[in-house]
Protein chains: 2
Amino acid sequence: MAAYSAGDKVQVKSKGETYTGVVSQESNSKNLLLRLDSGYSLGIKLGKGINVKVLSKSKQNINSNIEVKQNSELPKIAIISTGGTIASKVDYKTGAVSPISKPEELLALIPELTNIVNITKVSQPFAVFSEDMSSKEWQRLAKEVADELNKGNSGVIVTHGTDTLHYTAAALSFMLRNLSKPVAVIGGQRSSDRGSFDGALNLICGAYFTKSDIAEVAVIMHGTTEDNFCLVNKGTKVRKLHSSRRDAFRPINEIPLGRIWKDGTLEVLNKTYNKRSDKKVIADTKFEEKVALVKFYPGADPDILKYFIKKDYKGIIIEATGLGQVATSPTAKNKSWLPVIKEAIKKKVFIGFTSQTIYGRVDPYVYSSARTLQDAGVVFLEDMLSETAFVKLGWVLGHTKNPDEAKKFMLLNIAGEINSKLEPRGFLY
Amino acid sequence: MAAYSAGDKVQVKSKGETYTGVVSQESNSKNLLLRLDSGYSLGIKLGKGINVKVLSKSKQNINSNIEVKQNSELPKIAIISTGGTIASKVDYKTGAVSPISKPEELLALIPELTNIVNITKVSQPFAVFSEDMSSKEWQRLAKEVADELNKGNSGVIVTHGTDTLHYTAAALSFMLRNLSKPVAVIGGQRSSDRGSFDGALNLICGAYFTKSDIAEVAVIMHGTTEDNFCLVNKGTKVRKLHSSRRDAFRPINEIPLGRIWKDGTLEVLNKTYNKRSDKKVIADTKFEEKVALVKFYPGADPDILKYFIKKDYKGIIIEATGLGQVATSPTAKNKSWLPVIKEAIKKKVFIGFTSQTIYGRVDPYVYSSARTLQDAGVVFLEDMLSETAFVKLGWVLGHTKNPDEAKKFMLLNIAGEINSKLEPRGFLY
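Per chain, residues are indexed from 1 in the order of the written sequence. To read the labels, note that chains go from A and ligands from 1, taken in the order they are written. Whole-chain, interface and lining totals are the exception, using all residues; otherwise, since this is a predicted model, local features are given only for residues with pLDDT of at least 70 and side-chain atom pairs are given and counted only at 80 or more.

Asker: With reference to specific residues and values, describe the sheet that holds strand β22 (residues 350-355) of chain A.
Answerer: Residue and element names in this part refer to chain A. What the 4 strands build is an open sheet, ordered β20-β21-β22-β23; its pairing is parallel. Of all the strands in the sheet, just β20 (291-295) and β23 (379-380) have a single pairing partner and so form its edges. In short, DSSP must find at least two bridges between two strands for them to pair. Helix numbers and strand numbers start at the N terminus; a helix is a DSSP run of H or I with at least 4 residues, a strand a run of E with at least 2. Pairing of β22 with β23, which is carried by 2 bridges, proceeds in the parallel orientation. Note on β23: the bridge partner recorded for F353 is F380. Taken strand by strand, helix α8 (residues 386-399) contacts β20, β21 (315-320) and β22, and its axis lies near 165 degrees from that of β21. Residues are defined as contacting one another if the C-beta atoms placed from their backbone atoms lie within 7 Å. Every axis in this analysis is a line fitted to C-alpha atoms, fitted for helices over the stretch in contact. Angles between the N-to-C directions lie between 0 and 180 degrees.

Right, here's the structure in full:
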């Protein structure tokens, strides 16, 4: 039997090195998994020459039954887990990452969370990897978040796989009307049993965020490759920009709302957010599933739009080039997109343009070809991210099929998705 | 009659301010267009209170007939103009940007170019906006570049619209085999009559690049929003990342080969390039047009792949999420992409995965779902850009339809498109 238990702060001497950290739930009598003060995890094989000294016993007494301790003096929050890497561990036999079965297991890895907030509930309405998410899951999630906030929680943390986390954050941003409390959407780029597990700091920052005054859906992920702070990014202005780095989530055409440091300090960088209030949150989840996102490329055949028209799609976001261009002057091989776009619009299919440059704004007023497209009815979606525009279009068309109304709402800034003026620091932040 | 001519260096006193710059070709007896030393252009209405002093007369004597003066002591180069903003001017009546009719007009704006290189030829094989380009234009361009290099030019400058400039740069990178001399692909984000015209510095940097030892296709565009230096980026590792900024072209998963400063100084940052030699350049332009680029998104219907299979496409690059994921575990609404991907591969359609995160690498070895896709025959294309992968696939399938051979070539680093190890500075450079 080990002389320590999960949550204990210990000092370990091994091979001339000294490590100080908190014992994590995954430790057993043979292997000790320590979460170091740096945020990194360290696995130590116990045995000869390894000296473990308990510096302080866990106050939380998190044991293998994983009961979440409640501290009624702290603000109440709920955690909604949806699966993904943050709720995953590696199967060391196959090397594959698989979901952990209970979301509470995750909490056991980060016992200090219960010193920051009073976790009233940890639920898992569904557990899917984020690439398998669809609008159905966004709707269930929005309803569950609204329920928890209206039940008196100060905020909600949603844990999510990172691959489509920004799509879900955008969906929650539009679906949660009258949002009066913070909603932190967090994930992990590394699974919980890896030394570089980032979910711990992200969860801690997320917990601090739920205590803040910022009544927004925000993505809270590592700001750098270090475990020093998280960025608080608006759910509609953030994108996964790297497949593996822990600081992969970057603001686009925007600076972050703020930084949350490891000690809980919130450094506000951008004051364009709604403040906490007592308004009842409404989950307005109507969503038109027949929306598509199509990336244009040189030589692309415009007939692809006919495929979507035939399948009765109601709206298409085209990721155009530059300021919002697609082929309109047919060359030897190329085909103009203009006739098919006109056909789609005639059949009341909404056509919106964003830019595949990621950063910047589309603008139909520079080139005459783009003005021709605009005259044909294409809606140029300002500085909106393609992913956000796709999600917003499904939500808007869930509410109206009238083309003029849809255009009006697509160009109306509903959840911070449009900036009338771009902040130069919002490029490559 | 004005006392100055295009190319003269003049000092202008106006309203208490003094400006020094070179008179551009677009000046006339009423309006003086100066290219200032800062690189910016300034339009001055001549008349009372405006004092113009000629500091030095143009040696080039560029006149309105626009004959390109040759200086046989300088290295010979050719300029191939393809249209785009760099070869455009604004119609002040409509506000629209339209192409300038002769590429030589562009040179007249930058008379000092003839002091850097000996321009043997300015040709314009076609003039299309870059969104209208297709593989046919890439093929013509590659042949023309190879011809000029094999005729004894030291290098070639290709001017191009910026929207798909990176696709064309990638196409030239693959099509120009045995490339033994520098090929600069440059564009302008602002038209030549705007104060913020960036094409001048880009052309000057491009000219200096053609004198260098770097036998690569490189994109030479502004490094910052200032007119201080250009970045030299590998044609396969660069992307337009902003719709309007002059420093929009950024390296992805790579650091630039170097910087070229306004005075011609080449600062090498990355030595992974081929050196100048005497090898004969081969234009290997075979290209399979039936290739597509498809971006995955949450809830995306995999039937889109059936559309391409039916249309007899030979290869599809799927911009997957994160490390290379698409829906494989069907949820309530979602459909798995696995069966349709298997069907495509069975029909010998090449399926390659890149990441829509832009930065980073795809990796099938982290999640079991990705391994299932790999086992089904999906090729995970390392750290290749989606745009580069799309171009490369057309080029590879132009040479072989054998799936194993195509896979081998797609995973072989042919023109710097794959880095085995990512340089951390290559993120958000």
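Asker: Account for the confidence of the model for chain A, with residues named and values stated.
Answerer: Residue and element names in this part refer to chain A. The pLDDT score gives, residue by residue, the confidence of the prediction method on a 0 to 100 scale. On average, residues of chain A score 89 in pLDDT, and 90% of them are at 70 or above. Every residue in residues 60-66 scores below 50 in pLDDT, and together they form 16 contacts with partners more than four places removed in sequence or on other chains. ipTM for the predicted complex: 0.85, alongside a pTM of 0.85.

Asker: Describe the interface of chain B and chain A, and please don't skip the residues or the numbers.
Answerer: In this assembly, 56 residues from chain B lie in contact with 56 residues from chain A. Residue assignment for the side of chain B that touches chain A shows that the elements contributing at least two residues are α2 (135-150), β20 (291-295), α5 (303-310) and α7 (368-375) of chain B. In terms of residue count, α2(B) provides more of the side of chain B that touches chain A than any other element does, 3 residues in total. For this classification, the nonpolar set comprises Ala, Val, Leu, Ile, Met, Phe, Trp, Tyr, Cys and Pro, the charged set comprises Asp, Glu, Lys and Arg, and every other residue, Gly included, is treated as polar. In the side of chain B that touches chain A, the residues fall into 25 nonpolar, 19 polar and 12 charged.

Asker: Requested: an account of the relation of the copies chain B and chain A, with residues and values cited.
Answerer: Rotating chain B by 180 degrees and moving it 0.0 Å along the rotation axis overlays it on chain A with an RMSD of 0.1 Å. The symmetry that links the two subunits is that of a two-fold axis. Closest approach to the rotation axis within chain B is made by the C-alpha atom of L428(B), at a distance of 2.6 Å. Mapped onto chain A, 100% of the interface residues of chain B are again interface residues, and the two copies thus contact each other with one and the same surface. Alignment of copies: least-squares fit on C-alpha atoms of residues with pLDDT of at least 70 in both copies.

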